[in-house]
Amino acid sequence: MTSGSGYSKRSRLDKLGVKPGMRVAVLRLKDAAFARELRRRTHDIAERRPRSKTDVIFFLAATPKELDRLARLRSAIRKSGAIWVLWQKGRPALKQSHVMAAAKVAGLVDIKVASFSDELSALKLVIPVADR
């Protein structure tokens, strides 16, 4: 996978809002290049389960059913934290509309869509300001 797509000169981690020293969780995503990028930015990285007060979670989903996990992930992020849901581009099994619907059920709102890589799309979910 590439380190980012599109025309921007900003790094992928800058586009995704990962700042130095942040607490990050990477769930179900096996991407060696991304892991190297993250380790250069922060050492507080969880891979199986996010720790409490995580700043950013990257969660790879393949089916709408897997999105049921969003409610639990919401409880792991800081009030100002974010969950990036990633999915394969061009696969009808999971689309942006599925992610948006599941986010609503989990009490999250979508605020940004991005191309994570040539193969993956990403949607940034946050806790609504009124609930923080």
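See the structure above.
About the criteria used
Residues numbered from 1 in each chain as written. Predicted model: local features only at pLDDT ≥ 70, side-chain atom pairs only at ≥ 80, totals over all residues. Heavy atoms only, no water. Helix = DSSP H or I, 4+ residues; strand = E, 2+ residues; numbered from the N terminus. Core = buried A, V, L, I, M, F, W, Y, C linked by side-chain atoms within 4.5 Å. Buried < 20%, exposed > 50% of the residue type's maximum accessible area, 1.4 Å probe, protein only. Contact = heavy atoms within 4.5 Å. Arc of directions from axis to C-beta.

Undergrad: Help me understand unusual backbone geometry, please; the structure alone is not making it clear to me.
TA: In terms of backbone geometry, most residues other than glycine have negative phi values and most peptide bonds are trans. The phi angle at Arg28 is positive, at roughly 70°, despite the residue not being glycine. Residue position: Arg28 is located in the loop between β1 (24-27) and α2 (32-41).

Undergrad: Please clarify how the nonpolar core should be interpreted in this entry.
TA: In this structure, Ile57, Phe59, Leu67, Leu70, Ile83, Val85 and Leu125 are the most contacted members of the largest nonpolar core, which totals 23 residues. Elements with a contribution of two residues or more to this core: β1, β3 (54-60), α3 (70-76), β4 (77-88), α4 (96-105) and β6 (120-126). If you tally residues by element for this core, the top one is β4, at four residues. The contacts of Ile57, once residues within four sequence positions are left out, are Ala25, Leu27, Pro50, Leu73, Ala76, Ile77, Ala82, Ile83 and Trp84. Core analysis: the second largest hydrophobic core is formed by 18 residues, Leu16, Val24, Leu60 and Ala122 among them.

Undergrad: So what exactly am I meant to see when it comes to α4 here?
TA: Helical geometry: 3.6 residues make up each α-helical turn, so side chains three or four residues apart lie on a common side. Among all positions in α4, only Val99, Ala102 and Ala103 are buried. One side of α4 holds all its buried residues, which, seen down the axis, span an arc of 105°. Summarising the geometry of α4, the exposed residues directed more than 90 degrees from the buried face are Lys104 and Val105. Lining the buried residues of α4 we find α3, β4 and β6. Where α4 terminates, the next one or two residues include Gly107, which has phi positive at roughly 80°.

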